[in-house]
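# Descriptive analysis of the structure
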Amino acid sequence: MEKEKFYITTPIYYPSDKLHIGHSYCTVATDTMARYKRLRGYDVMFLTGTDEHGQKIERIADSQNMTPKEYTDKIVTGIKELWNKLGISYDKFIRTTDDYHIACVQKIFKKLYDQGDIYKSSYEGWYCTPCESFFTEHQLVDGKCPDCGRDVELLKEESYFFRLSKYQDRIIQYMEDNKDFLQPNTRQNEMINNFLKPGLEDLAVSRTSFKWGIPVDFDLNHVVYVWVDALTNYISALGYGTEDESLFRKYWPADVHVVGKEIVRFHSIIWPAMLIALDLPLPKKIFGHGWLVINGGKMSKSVGNVVDPNVLVDKYGVDAIRYFLLREIAFGQDGNFSNEALIQRINSDLANDLGNLVSRTAGMIEKYFGGTLPKDRTETPFDADLKATVAEIIPKVEEKMDNMFFSDALIEIWNLIRRTNKYIDETQPWILCKDEEKKGELANALYHVAESIRIVSIMIKPFMPNTPEKIWASFGIKEGEATTWESTKTWGILPAELKAVKGETLFPRIDMKKELAELEAAIKASQATNIANQQKKKEEKEDEYPAEITIDDFCKVQLKVGEVLESKEVEGSTKLLRNVVKLGEEERVIFSGIKSAYAPGELVGKRVVVAYNLKPRKMMGEMSYGMILCAEDAEGKLSVLTTDDKEFKSGSGIS
Ligand code: MSP
């Protein structure tokens, strides 16, 4: 019988010299799903790769005196090494600089142009280069990128546009007809209410102000917008638009695109619109996972808090890291990374629950039976309940895995591990061994535990690719009939005269205090190198482009002293305070991103400096008139600028 296909993808990564544990999280999760589906008998296609074009890459390469391709070649090697280290079993690695991909993007662009879905006009608006995203004025937050909070650039250039607006209703319809299209479900409402229903604008899909992109082949001044280029990878990798479309016909539509929550928008709006325009089926599911955060903030190279997966894998092994990532954080939600939580999980779940179970069982078979269980066994009163637990847990694990609820699946598997440990306590082999007449019960108890371990070893395989083999080696199990997923549903597959040897310790226990100190030092050393490299690059850049303005430019900014009358929290915002500021006779509402530094009310009575003639803009549904000036240090700490005289008259000008 032909196998059912399963096509799963990760986002393609921007080539960065330091992919951190947050990036690894996304890839490990996708890999776990791919491995699970293979184990369930699917014909899996797992795609990952790199997203190599765009202004951001061009600038980084330039700052390192390399061509963009030289730069990406170097980085891609490192990324592949990291994925190998993490046991990522991708079937195809695509680079957007690959010839077949370039040809596919050009073909699609031309087709959309020929059929009138792409037209030429000019673009004026804001662009965030790190996110490679366009924004309208009202989408900015405090004049910065709403996604990453960094500076945006004003763009004014001739551009091709994609008629995104034309597809809005069809996308809404698709989402309404396919309630599970976006996972977790809340993301679907967010997209419909925040983006689709307010109305889509046509999308600028070409750039002329830099060169590092796929050329629009019928208008060589333009390169294709990097997101249109990148999204196309999901079909170009399958040979779409080439002479041989067999893979495309076999695997498309994708069963799931796994993406981080901040790029769900591109995958659930732009990508479906492109596919509808190309008359192709839409992906079945998009899973928007949460972020791995550190002390509540996103792990990011620019903040300097990234954790290097190499350090962790070298210290604890790949299986422990993969387990931690998928057990600790509910897939779909944000989760905090901490060294303490990692060591805690290794000690309790891996060393104690699983590792001990395996070693003490093999040890008892060695000790009580010289390493081989006898054939003759007598039932114990506890067998039925253990078997019932196994039978109950398997469908639950399947259901959780099918929905990509990895941590829930692991909780179920660990329920079985703990139940098996409890069974040992119930049957008390150390007492049974003392009575010759109880040898049959003793053999039976150890057989049951071993059989339960066999079932556990299969269920953990998608998460921990190396541990099952080690367990099997202890019980003489060969990969084959006794290790298939289906075999978990049959009790008693292990041979009656089971042989066991106590193998190496699967997960050595860790001394928490000592280890925390060592690990923090290793991570800090890797972060310090990162920050130093970045600082160096920043300084080089500043030397190159001194940002000077004339006195006339400066005089355009009208600054005034304001007295803060009110400073309150804003519902739904983690950054903003809503201030009412008195400027002479006038009172203004000014939103300010200073919540990290000032408690609500703390600024009341203070004289602050206000940028007075700034164009008002809507923030959190209300207009904000001006800006309160703030100092910000290298760690992101904020302090508002005030007048030396604490009673200084509000409304006074500043010169
Ligand atoms: N190149 C685009 C994707 C194009 S797909 C057609 C991109 N690349 S990225 O390198 O910035 O991010 C790749 C993935 O890593 C994204 O899904 C992103 O959400 C994920 N992560 C980056 N930092 C992360 C965390 N701290 N935590 C979890 N995932 C994170 O976006």
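Up top you'll find the structure we're talking about.
Below or above, wherever it landed, is the structure these notes cover.

Along the backbone of the protein chain there are 20 helices and 25 strands. Each principal axis of the C-alpha distribution contributes one length, and for the protein chain these read about 100 × 65 × 50 Å. Burial statistics for the protein chain: of 655 residues in total, 53% are counted as buried. Intrachain contacts of the protein chain at a sequence separation of at least 6 include 75% that bridge at least 24 residues.

Structural remark: α-helix, 3.6 residues per turn; residues separated by three or four positions point the same way. Between its first and last C-alpha atoms helix α3 (residues 68–85) spans 26 Å; for 18 residues at 1.5 Å apiece the expected length is 26 Å, and the two agree. Of the positions making up α3, those classed as buried are Pro68, Tyr71, Thr72, Ile75, Val76, Ile79, Leu82 and Trp83. Taken down its axis, α3 places every buried residue within 125° of arc, on the same side. Projecting away from the buried face of α3 at angles above 90 degrees are the exposed residues Glu81 and Asn84. In this fold, the buried residues of α3 make contact with α1 (21–39), β2 (43–50), α2 (55–63), β3 (92–95) and α11 (309–316). Backbone geometry just after α3 places Gly87 at a positive phi near 70°.

To continue, consider the environment of Asp385. The residue Asp385 is located in helix α14 (residues 383–402) in this model. Classification of Asp385 as partly exposed rests on a relative accessible area of 42%. Distance from Asp385 to Gln55, taken between C-alpha atoms, is 62 Å for residues 330 residues apart in sequence.

Time to look at the pairing of strand β1 (residues 5–9). Among the five residues of β1, five are classified as buried, and the element is accordingly described as predominantly covered. Here β1 shows two buried faces, one formed by Lys5, Tyr7 and Thr9 and the other by Phe6 and Ile8. Looking at chain direction, β1 and β2 are connected through five bridges and run parallel. Bridge pairing links Thr9 to Leu47 in β2.

Before going further, it helps to examine the pattern of salt bridges. Overall, the coordinates contain 45 salt bridges when judged by the stated rule. For Asp334, the salt bridge identified is with Lys261, shortest N-O distance 2.9 Å. On the criterion of sequence distance, the pair formed by Asp334 in the loop between α12 (318–328) and β15 (335–336) and Lys261 in the loop between β11 (256–260) and α10 (264–277) is long-range, its members being 73 residues apart. Asp334 gets classed as partly exposed once you look at its relative accessible area, which sits at 39%. Lys261 gets classed as partly exposed once you look at its relative accessible area, which sits at 27%. Among the salt bridges present, the one from Arg345 reaches Glu328, with a minimum N-O distance of 2.7 Å. Of this pair, Arg345 sits in helix α13 (residues 339–369) while Glu328 sits in helix α12, placing them 17 residues apart in sequence. On the basis of relative accessibility, which here comes to 19%, the residue Arg345 falls in the buried class. In this structure, a network of salt bridges that share partners links the residues Glu328, Arg345, Asp349, Asp353 and Arg418.

The next thing to look at is the nonpolar core. If you look at the biggest cluster of nonpolar residues, it comprises 110 residues, and the most contacted ones within it are Leu312, Tyr316, Ile413, Trp414 and Phe475. Sort the elements by how many residues they give to this core and α13 lands first, with 14 residues. Beyond its immediate sequence surroundings of up to four residues, Ile413 is in contact with Val397, Val456, Met459, Ile460 and Phe463. Counting residues in hydrophobic clusters, the runner-up holds 66 residues, among them Leu155, Phe162, Leu282 and Ile286.

Turning to unusual backbone geometry, a few remarks are in order. The omega angle of the peptide bond from Gln183 to Pro184 is -15°, so this bond is cis rather than trans. Along the chain, Pro184 turns up in the loop between β7 (182–183) and α6 (185–196). The residue Asn65 is not glycine, and still its phi comes out positive at about 55°. If you trace the backbone, Asn65 turns up in the loop between α2 and α3. We classify Asn65 as exposed; its relative accessible area is 73%.

Here Lys285 lies in the loop between α10 and β12 (286–289). Nearest to the buried, unbridged Lys285 among oppositely charged side chains is Asp180, at 6.1 Å. Leaving out residues up to four positions away in the same chain, Lys285 has contacts with Asp180, Phe181, Gln183, Ala254, Asp255, Val256, His257 and Asp402.

Looking now at the site of the ligand. The environment of the ligand is formed by 25 residues, the closest being Ile12, Asp51, Gly260, Glu262 and Leu292. Measuring from a nitrogen atom of the ligand, one finds a side-chain N or O atom of Asp51 at 2.7 Å. Across the complex, the protein chains shield 95% of the 670 Å² of accessible surface that the ligand would expose by itself.

Time to look at the packing of aromatic side chains. To describe a pair of aromatic rings, you give the distance between the ring centres and the angle between the ring planes. Scanning the entire structure with this criterion turns up 29 aromatic pairs. Considering the side-chain rings of Trp227 and Phe266, the 3.9 Å spacing of their centres and the 5° angle between planes classify their relative orientation as stacked. In this pair, Trp227 sits in helix α7 (residues 226–231) while Phe266 sits in helix α10, placing the two residues 39 residues apart along the sequence. No difference in accessibility class separates Trp227 from Phe266, as the two residues are buried. Members of the aromatic cluster, joined through ring pairs, are Tyr7, Tyr234, Tyr240, Phe248, Tyr251, Trp252 and Trp271.

Parameters and conventions
- Residues numbered from 1 in each chain as written.
- Predicted model: local features only at pLDDT ≥ 70, side-chain atom pairs only at ≥ 80, totals over all residues.
- Heavy atoms only, no water.
- Helix = DSSP H or I, 4+ residues; strand = E, 2+ residues; numbered from the N terminus.
- Buried < 20%, exposed > 50% of the residue type's maximum accessible area, 1.4 Å probe, protein only.
- Contact = heavy atoms within 4.5 Å.
- Expected span 1.5 Å × (residues − 1).
- Arc of directions from axis to C-beta.
- Pairing = 2+ DSSP bridges.
- Salt bridge = Lys/Arg side-chain N within 4 Å of Asp/Glu carboxyl O.
- Core = buried A, V, L, I, M, F, W, Y, C linked by side-chain atoms within 4.5 Å.
- Lys, Arg positive; Asp, Glu negative; His and termini not counted.
- Near = heavy atom within 4 Å.
- Polar contact = N/O pair within 3.5 Å; in protein donor to acceptor, adjacent residues only side chain to side chain.
- Areas by Shrake-Rupley, 256 points an atom, 1.4 Å probe, with all protein chains shown as cover.
- Phe/Tyr/Trp six-rings, centres within 6.5 Å; stacked < 30°, edge-to-face > 60°.

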